[in-house]
Amino acid sequence: MKRSAKAVWKGTVKDGSGVLTTQSTTLNDTQYSFKSRFEEGVGTNPEELLAAAHAGCFTMKTSALLTEANYTPESLEADCKISLVEGKITLSELTLSAKIPGISEEDFRKIAQEAKENCPVSHAFSFEKSLTATLVS
């Protein structure tokens, strides 16, 4: 399986802008710029897209592992923050809030940790990954 996206940039890094389009067209000429990346401009940025990819992949992997262990998650809500420090992405911080009937705290933590370590996006990231997981009733 292969997925694709296209970026088009026009102009200088600070004054120019670009658009992103994904194969699915979920992003379709979606704006990005220096301001949307480093300030408070309108549009997306690479770090935001990495955060969305990690949160989405992680919740799907968590759901798969829970299903394999005979648990049915009622809800899995993951937030991801990507840190860009001195021009380098240094950290992906996952925060999970989960409602899973009948699971023990120990099983929940073990499965969440395994999902963090083994979702495909985690494997693609060479930088640090952290996880804070909370089981809610």
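Everything numeric here is computed off the predicted structure, so don't read it as measured data.

Colleague: For the pattern of salt bridges, give the residues involved together with the corresponding values.
Modeller: Applying the stated rule across the entire model yields five salt bridges. The partner of Arg 37 in a salt bridge is Glu 47, with the nearest N and O atoms 2.5 Å apart. Taken together, the positions of Arg 37 in helix 1 (residues 34-38) and Glu 47 in helix 2 (residues 46-68) put the pair ten residues apart, joining distant regions of the chain. Given the relative accessible area of 34%, Arg 37 is considered partly exposed. The partner of Lys 81 in a salt bridge is Asp 79, with the nearest N and O atoms 2.6 Å apart.

Colleague: Residues and numbers for the packing of aromatic side chains, please.
Modeller: Tallied over the full model, the rule gives three aromatic pairs. Ring centres 4.8 Å apart and planes at 45° place the aromatic pair Phe 34 and Phe 38 in the tilted group. On the criterion of helical spacing, the pair formed by Phe 34 and Phe 38 is a turn pair, its members being four residues apart in helix 1. Residue classification places Phe 38 among the partly exposed residues on the basis of a relative accessible area of 45%.

The rules behind each value
Residues numbered from 1 in each chain as written. Predicted model: local features only at pLDDT ≥ 70, side-chain atom pairs only at ≥ 80, totals over all residues. Heavy atoms only, no water. Salt bridge = Lys/Arg side-chain N within 4 Å of Asp/Glu carboxyl O. Helix = DSSP H or I, 4+ residues; strand = E, 2+ residues; numbered from the N terminus. Buried < 20%, exposed > 50% of the residue type's maximum accessible area, 1.4 Å probe, protein only. Phe/Tyr/Trp six-rings, centres within 6.5 Å; stacked < 30°, edge-to-face > 60°.

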